[in-house]
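# Fold and contact review
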Amino acid sequence: MSHDNDKRHRLLGRLDRQLACTAPVLVLVAAGVSLQATMENESSDSGPSTLSLFLSSAHAEAQGEAEGEAEGEAEAEGEAEGEAEGEAEGEGEAEGEGEGEAEGEAEAAKADSREAVKRPEGYTPVYSEDGANDASLLAQGEALYYDDSLSSNGLACASCHGSDGEDVGYQATFEQPFPHRVAMADSRFGMPEVHADEMVQVCMVAPMEAEPLGWGSEALTSLAAYMVEVQRRFAGESHDL
Ligand code: HEC
């Protein structure tokens, strides 16, 4: 496994722990992305990966948000330095008076955003989550996985998750069949477990900064089917996560 990959996995692990106990709002994704754009041409050793920038932004934001205070500081550090773990963590010890209020607002915001990514009532998925899907559906999903026009920030799913089978940016939770728990879906949207199509929507709305796909649309159906396929393959391989 490459050095870059190790770093990615460590960062993913750290995000997981962070998200488990804070109320993050991943607003700083945009900051991470524009940094990434300027670093894209550098070698992988000298520039942080898209995923690590995304995670460090999310981390700084999560800290600022959870502490109620120190938000400006954490954000500023995060933007200026890209890797703001140290600073963001050290700051914001202050227990602000408005903390309870901020927590309530965070919960309400979570419930709101959950609406966009949770299967709506009366919706029946048209892909299989516990078996094989049609080859043409999978091919369609695979093409979309590499399509950066799905996002508003120039990212494709593969920007963070890598090419299937080569550079896999997934957490250990991905070894379980859907539905299962994914830290980001739980902490950010308050969903204790997600179906494949819901997880696609979570990544559409959060890291891809886009509108959710239409429920029952070909795009959502094929991407979800493709993720089920990748998950099945992933579960059958050994991973050092
Ligand atoms: C900017 C980076 C980024 C982009 C772009 C992105 N994701 Fe994600 N994705 C993440 C992060 C971070 C997680 C959550 C890891 C965690 O909380 O365990 C995640 C989790 C997932 C998971 C759950 C894996 C598991 O553990 O079960 C799936 C499936 C997924 N993404 C699919 C997609 C798809 C499909 C797209 C494109 C529509 C996409 N992602 C785009 C960062 C990204």
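Please refer to the structure placed before this passage.
As a starting point, this report considers the structure included with it. Worth saying up front: this structure is predicted, and the values here are computed from it rather than measured.

### Details of the packing of helix α7 (residues 135-145) against helix α11 (residues 218-235)
- One can describe the packing of α7 onto α11 by two numbers: an axis separation of 7 Å at closest approach and a directional angle of 95°. Of the possible angle classes, the one that applies to α7 and α11 is roughly perpendicular. Between α7 and α11, the contacting residues are Leu-137, Leu-138, Gln-140, Gly-141, Glu-142, Leu-144 and Tyr-145 on the first element and Glu-218, Ala-219, Thr-221, Ser-222, Leu-223, Ala-225, Tyr-226, Met-227 and Glu-229 on the second.
- In the contact of α7 with α11, the residues fall into 9 nonpolar, 4 polar and 3 charged.

### Structural notes on the site of the ligand
- Close contacts around the ligand come from 24 residues, with Cys-157, Cys-160, His-161, His-180 and Cys-203 the closest.
- At a separation of 2.5 Å, an oxygen atom of the ligand approaches a polar side-chain atom of Thr-173.
- A distance of 2.9 Å separates an oxygen atom of the ligand from a polar backbone atom of Met-184.
- Sorting the residues of the shell around the ligand by element identifies α3 (50-67), α8 (157-161), α9 (183-189) and α10 (196-205) as the ones contributing at least two each.

### As for the side chain of His-180
- By secondary structure assignment, the location of His-180 is in the loop between α8 and α9.
- Side-chain polar atoms of His-180 contact the backbone oxygen of Pro-177, separated by 3.2 Å.
- Apart from residues no more than four positions distant in its own chain, His-180 is found in contact with Thr-173, Phe-174, Glu-193 and Val-194.

### Let's talk about the side chain of Glu-129
- By secondary structure assignment, the location of Glu-129 is in the loop between α6 (99-117) and α7.
- A polar atom in the side chain of Glu-129 sits 2.7 Å from the side chain of Tyr-127.
- Only 2.8 Å separates the side chain of Glu-129 from the backbone nitrogen of Ala-196, close enough to count as a polar contact.
- Contacts of Glu-129, omitting those with residues within four sequence positions, involve Arg-119, Phe-178, Pro-179, His-195, Ala-196, Asp-197 and Val-228.

The rules we used
- Residues numbered from 1 in each chain as written.
- Predicted model: local features only at pLDDT ≥ 70, side-chain atom pairs only at ≥ 80, totals over all residues.
- Heavy atoms only, no water.
- Axes fitted to C-alpha atoms, helices over the stretch in contact; angles between N-to-C directions.
- Helix = DSSP H or I, 4+ residues; strand = E, 2+ residues; numbered from the N terminus.
- Parallel < 35°, antiparallel > 145°, perpendicular 65-115°, else oblique.
- Contact = heavy atoms within 4.5 Å.
- Nonpolar A, V, L, I, M, F, W, Y, C, P; charged D, E, K, R; others polar.
- Near = heavy atom within 4 Å.
- Polar contact = N/O pair within 3.5 Å; in protein donor to acceptor, adjacent residues only side chain to side chain.

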